[in-house]
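Coordinates in review
One letter stands for each residue in the lines below.
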Amino acid sequence: MGFKRIVLNALLALAVALPLAAMESRVQFGQTDGLAQEKKQKAALQEPVPLTAKSGSGLVEMVSAKVTKRPSPKKMERQLDTHIRMVAEQHGVSPALVKAVIKAESGFDPNAVSSVGAVGLMQVMPSTARRVGVKNPQDPHANIEAGVKYLKMLLNMFEGDEALAVAAYNSGPSKVRKYGGIPPYRQTQVFVERVMSYYRSYLKS
């Protein structure tokens, strides 16, 4: 092979190699740059969004408004104390027993609603309210009146036995008659225990 041929082949090889090297360099640079950009985007997504004074203030006001709309159980108990005593004494039921039932049933939450549809402080069923002549058991004062009237019926039915009346208030009088005492239902047994415990505490206060 002549010298000219060797030089020509070398120049051709160089001409092919240079663009390939440049291309590889550009690809590597692009990949590195892309990875860096991806890392920046991930970091930006992980940064916490700053809470502005305006939005923070609005959130606090909204939460405060919701909290202040619902009085505490203790406050509700104090507000209703006179009404509870008046209605209880009117129907010959111990005010302490009425308070104990309210505390066990709803924790003095006038908006409480059970899974079976009992409503209000004394968790009165609408049908029971109609039975004792109360039209609006959602109203706290009417709810207490309905609950006290029904409790009085149960006390008369079970000859003044408060534990049996409370059991019937929870599970129904037919169940108490069927078993000749507190029914063997865990829910009813716990309810009676709680009410009677609260009852003793209210009697002492």
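It should be emphasised that the depicted structure is a prediction, and the values quoted were computed from it without experimental measurement. Chains are numbered independently. Their residues run from 1 in the order of the written sequence. In keeping with the predicted nature of the model, local features appear solely for residues at pLDDT of at least 70, side-chain atom pairs appear and are counted solely at 80 or more, and the whole-chain, interface and lining totals rest on all residues. Only hydrogens and water are set aside when side-chain values are computed; all heavy atoms of the structure are taken into account.

Let's shift gears to the environment of Asn 170. Secondary structure follows DSSP: runs of H or I at least 4 residues long count as helices, runs of E at least 2 residues long count as strands, and numbering of each begins at the N terminus. The topology assignment puts Asn 170 in helix H7 (residues 162–171). Apart from residues no more than four positions distant in its own chain, Asn 170 is found in contact with Gln 187, Thr 188 and Phe 191. Within 3.5 Å is the distance limit for a polar contact, defined as a pair of N or O atoms, with the added protein rule that one can donate a hydrogen and the other accept it, and that residues adjacent in sequence qualify only through two side-chain atoms. At 2.8 Å, the side chain of Asn 170 and the side chain of Thr 188 are in polar contact. Residue contacts are defined here by distance: any two heavy atoms, one from each residue, within 4.5 Å place the two residues in contact.

A word on the pattern of salt bridges. We count a salt bridge whenever a side-chain nitrogen from Lys or Arg sits within 4 Å of a carboxyl oxygen from Asp or Glu. As enumerated under the stated definition, the model contains three salt bridges in all. With a shortest N-O distance of 3.2 Å, Arg 85 and Asp 81 are connected by a salt bridge. Of this pair, Arg 85 and Asp 81 both sit in helix H3 (residues 73–90), separated by four residues, roughly a single helical turn. Only protein chains enter the accessibility calculation, which uses a 1.4 Å probe; a residue is then buried when its area is under 20% of its type maximum, exposed when over 50%, and partly exposed in between. By relative accessible area, which is 38% here, Arg 85 ends up partly exposed. With a closest N to O distance of 3.4 Å, Glu 145 and Lys 149 form a salt bridge.

Phi at Gln 123 takes a positive value of approximately 50°, unusual for a residue other than glycine. Overall, the relative accessible area of 11% leaves Gln 123 in the buried class. Even without glycine at this site, Glu 159 takes up a positive phi of about 55°. If you trace the backbone, Glu 159 turns up in the loop between helix H6 (140–157) and H7. With relative accessibility at 76%, the residue Glu 159 sits in the exposed group.

Here the focus is the packing of aromatic side chains. Only centres within 6.5 Å qualify two rings of Phe, Tyr or Trp (six-membered ring in Trp) as a pair; their planes then separate them into stacked at under 30 degrees, edge-to-face at over 60, and tilted for everything else. Summed over the entire model, instances satisfying the criterion amount to two aromatic pairs. With a centroid separation of 5.6 Å and 45° between ring planes, the pair formed by Tyr 150 and Tyr 169 is classed as tilted. Of this pair, Tyr 150 sits in helix H6 while Tyr 169 sits in helix H7, and the two are 19 residues apart along the sequence. Take Tyr 150: its relative accessible area is 12%, and that puts it in the buried class. Taking the relative accessible area as the measure of exposure, Tyr 169 reaches 9% and is therefore buried. The ring of Tyr 198 carries Lys 103 above its face, with NZ or CZ at 4.8 Å from the centroid. For a lysine, the NZ atom is tested; for an arginine, the CZ atom; a charge sits over a ring if that atom is within 6 Å of the ring centre and within 35 degrees of the ring normal.

Cavity means a closed set of points on a 1 Å grid over the protein atoms alone, one where a 1.4 Å probe fits but cannot get out, pocket means an open set with protein on both sides within 12 Å along at least 5 of 7 lines, and lining means a residue has an atom within 4 Å of a point. Grid points are joined across faces, edges and corners, and a volume is the space filled by probe spheres set on the points. If you add up the space inside the largest pocket, you get close to 450 Å³. Lining the largest pocket are 19 residues, with Glu 105, Ala 118, Gln 123, Tyr 169 and Asn 170 sitting closest to its centre. At the level of secondary structure, the elements contributing two or more residues to the lining of the largest pocket comprise helix H4 (95–106), H7 and helix H9 (186–204). With five residues, H9 is the single largest residue contributor to the lining of the largest pocket.

Right, let's talk about the side chain of Asn 143 for a bit. Structurally, Asn 143 is set in helix H6. Residue classification places Asn 143 among the buried residues on the basis of a relative accessible area of 1%. At 3.3 Å, the side chain of Asn 143 forms a polar contact with the backbone nitrogen of Leu 121.

This part takes up the nonpolar core. The biggest cluster of nonpolar side chains holds 42 residues, and the ones touching the most others in it are Leu 97, Val 98, Ile 102, Met 122, Ile 144, Tyr 169 and Val 195. Those elements giving two or more residues to this core turn out to be H3, H4, H6, H7 and H9. Here this core gets eight residues from one element, more than from any other, and that element is H6. What Ile 102 contacts, discounting residues up to four positions off in sequence, is Ile 84, Gly 107, Phe 108, Leu 121, Met 122 and Ile 144. Among buried residues, the Ala, Val, Leu, Ile, Met, Phe, Trp, Tyr and Cys ones that are joined through side-chain atoms within 4.5 Å form a nonpolar core.

This part takes up a positive patch on the surface. A cluster of like positive charges, contributed by Lys 74, Lys 75, Arg 78 and Lys 103, occupies part of the molecular surface. Counting residues per element, the positive patch draws most heavily on H3, at three residues. With respect to the element layout, Lys 75 can be found in helix H3. Its relative accessible area of 41% is what places Lys 75 among the partly exposed residues. In this analysis, a patch consists of residues with relative accessible area above 30% that form no salt bridge, clustered at 9 Å for like charges and at 5 Å for the nonpolar side chains Val, Leu, Ile, Met, Phe, Trp and Tyr. With residues, only the protein chains shown are counted as cover, and all accessible areas are computed by Shrake-Rupley using a 1.4 Å probe. Just so you know, the count uses Lys and Arg for positive and Asp and Glu for negative, and it drops His and the chain ends. Note that the charge is assigned to NZ on lysines, CZ on arginines, CG on aspartates and CD on glutamates.

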